[in-house]
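Spelled out, the chains give:
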Amino acid sequence: SSSPTEKICRNSRDFRPLGLGYANLGALLMSLGLPYDSDSGRAVAAAITAIMCGEAYKISAELAGLVGPFPGFEKNRASMLEVIEMHRGHVKEIEVNKMPADLRYLVNDAWDSWSVALELGVKYGFRNSQMTVLAPTGTIAFMMDCDTTGIEPDIALVKYKVLAGGGMLKIVNKSVPLALRTLGYGPLEINGIIQHIEKNDMIEGAPHLKEEHLAVFDCAFKPAKGKRYIYHRAHIKMMGVTQPFISGAISKTINMPEESTVDEIADAYIFAWKQGLKAVAIYRENSKRSQPLNTQKTEGEMIKKQIRISDRAERIKPPQTRRSIIHKFNIAGNEGYLMVGLYENGKPCDIFLMMHKTGSTIRGL
């Protein structure tokens, strides 16, 4: 019998699935002056996702015309062409009339992409069985200077990221000035609003800002001093309009406030099921002992609290060169090393944990 690794290799070869996706959608909508929680924002997101997936399948069919379809295509021919037809059919459900007039052409482009993909698929088949997923893109988006990751809205206009090597990074959303210009604000007004954000870590209460524009700048987390945030159903609605144009699933966090009830958590799961989602993940703020992104300065990864000096153990600086114990481990195929540095008396002075595969944003950078 084949090992799991051999089965994975065979399936990858026979079906050639891909995982194309995007990052920075939330920042794009903000820069266009569209609230993440709005029919117009969802319609634009749906059209962009439809074009991405339709174009990918079109190119896949063109490749199949040159080098042949994936080995498993003929066995799945009827089913796959039916799926492509279903993808195209969902383009008709995008609410074109809710989109800004200058962006409505996107829906026509999406329909054309899927129509050509279907036509070429009938003729040549497809080189790839699946084309798209929406990944978290945490490290990638950070390195590409994006304000938002994957399909997410921004967590906060000003956020504090705990660094793996110690210290903290203050990250300010760079899409706000562009959004304000799109909404018709002048340089002096924009400058005043930006100064307010940098001082208060939120846009609520900013001078010159019109009440009807506040929703454009709503984020997943409620600011430390503010009240506005994106309700959990809005996250799920955004996923719902884009899922019909995704081959796989969407990796996205449904952020919910700390005071969320059991009934509200249950509602989120049921509403996600009704929206036709393949997967959903919920995070209730402060439900973990620590979180890497916060809306205010922290002590480590925890919100800073007052502590008594007597609670602190005095740290004795270890020698620059010291003996250590190294333990290699393997958990479910993930290798790592545990290194314990020792004082001269043999007591441990520091511990380092190194994994073969790391996901640290800063280490990636």
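Coordinates for the structure precede this section.
Rules used throughout
- Within any chain, residue numbers begin from 1 and follow the written order of that chain's sequence.
- This being a predicted model, a pLDDT of at least 70 is required before a residue's local features are given, and a value of 80 or more before pairs of side-chain atoms are given or counted; all residues contribute to the totals for chains, interfaces and linings.
- Computation of side-chain values covers all heavy atoms of the structure but excludes hydrogens and water.
- Secondary structure counts use DSSP, requiring at least four H or I residues in a row for a helix and at least two E residues in a row for a strand, with both numbered from the N terminus.
- Whether a residue is buried, partly exposed or exposed follows from its accessible area with a 1.4 Å probe, protein chains only, as a fraction of its type maximum: under 20%, in between, or over 50%, in that order.
- Should any heavy atoms of two residues lie within 4.5 Å, those residues are considered in contact.
- Throughout, the Shrake-Rupley method with a 1.4 Å probe supplies accessible areas, and for residues the shown protein chains are the sole cover considered.
- In these notes, a set of buried Ala, Val, Leu, Ile, Met, Phe, Trp, Tyr and Cys residues joined through side-chain atoms within 4.5 Å is what counts as a nonpolar core.
- Cavities and pockets were defined on a 1 Å grid built over protein atoms only: a cavity is a set of grid points that admits a 1.4 Å probe from which the probe cannot escape, a pocket is an open set flanked by protein on both sides within 12 Å along at least five of seven lines, and lining residues are those with an atom within 4 Å of any such point.
- Grid points are joined across faces, edges and corners, and a volume is the space filled by probe spheres set on the points.
- Gly counts as polar in this scheme, as do all residues outside two lists: the nonpolar Ala, Val, Leu, Ile, Met, Phe, Trp, Tyr, Cys and Pro, and the charged Asp, Glu, Lys and Arg.
- Counting of polar contacts relies on pairs of N or O atoms within 3.5 Å, with two restrictions inside protein: one atom must be capable of donating a hydrogen and the other of accepting it, and residues adjacent in sequence are counted only when both atoms are side-chain atoms.
- An axis is simply a line fitted to the C-alpha atoms; with a helix, the fit covers only the stretch in contact. Between two such axes, the angle follows the N-to-C directions and lies from 0 to 180 degrees.
- Comment on the angle field: the value is read as roughly parallel under 35 degrees, roughly antiparallel over 145, roughly perpendicular from 65 to 115, and oblique elsewhere.
- By convention, the crossing between two helices is left-handed when the near helix turns anticlockwise from the far helix through less than a right angle, and right-handed when the turn is clockwise.

Draft legend 1. How the structure looks around the overall build of the protein. Along its length, the protein carries 11 helices and 10 strands. Within the protein, the fraction of its 365 residues that count as buried is 42%. Taking the intrachain contacts of the protein between residues at least 6 apart in sequence as the baseline, contacts between residues at least 24 apart amount to 65%. Surface accessibility of the protein: about 20800 Å² in total, with carbon and sulfur atoms responsible for 55%.

Draft legend 2. Representation of the nonpolar core in the model. Counting 51 residues, the largest nonpolar core has Y57, I94, M99 and F126 as its most contacted members. Those elements that place two or more of their residues in this core are α2 (25-31), α3 (39-67), α4 (73-91), α5 (105-124), α9 (232-242), β3 (253-256) and α10 (262-274). It is α3 that provides the largest number of residues to this core, a total of 12 residues. With 19 residues, the next largest nonpolar core counts M30, Y185, I193 and I203 among its residues.

Draft legend 3. Region of interest: unusual backbone geometry. Residue N24 is not a glycine yet carries a positive backbone phi of 75 degrees. Position of N24 relative to the elements: it lies in the loop between α1 (4-15) and α2. Owing to a relative accessible area of 23%, N24 belongs among the partly exposed residues under this scheme. Unlike most non-glycine residues, N286 shows phi in positive territory, near 65 degrees. The partly exposed category is assigned to N286, whose relative accessible area is 36%.

Draft legend 4. Up close: empty space enclosed by the protein. Following the criterion strictly, the structure yields two cavities of 30 Å³ or more and no others. Of the volumes computed, that of the largest cavity is approximately 130 Å³. In terms of lining, the largest cavity is formed by 16 residues, of which the most central are L157, M202, F217, C219 and P223. The computed volume of the second largest cavity comes to approximately 60 Å³. What lines the second largest cavity is G26, M30, L34, P35, Y36, P153, D154, V216 and D218. Split by residue class, the lining of the second largest cavity holds six nonpolar, one polar and two charged.

Draft legend 5. Up close: the environment of S129. Here S129 is to be found in the loop between α5 and α6 (138-143). C-alpha separation for the pair S129 and F73, spaced 56 residues apart in sequence, amounts to 7.4 Å. Ignoring sequence-local partners within four residues, the contact set of S129 consists of F15, R16, P17, Y57, F70 and M80. A distance of 2.8 Å separates a polar atom in the side chain of S129 from the backbone oxygen of F15.

Draft legend 6. Seen up close, the packing of α4 against α5. Look at α4 against α5: their axes get within 10 Å of each other, and the N-to-C directions meet at 165 degrees. Taken together, the axis directions place α4 and α5 in an arrangement best described as roughly antiparallel. Classified by chirality, the crossing of α5 by α4 is left-handed. Between α4, through F73, R77, L81, I84, E85, H87, R88 and V91, and α5, the contact on the second element is made entirely by V107, A110, W111, W114, S115, L118, G121 and V122. Class assignment for the residues of the contact of α4 with α5 results in 10 nonpolar, three polar and three charged.

The quantities given are spatial measurements derived from coordinates; they are silent on function.
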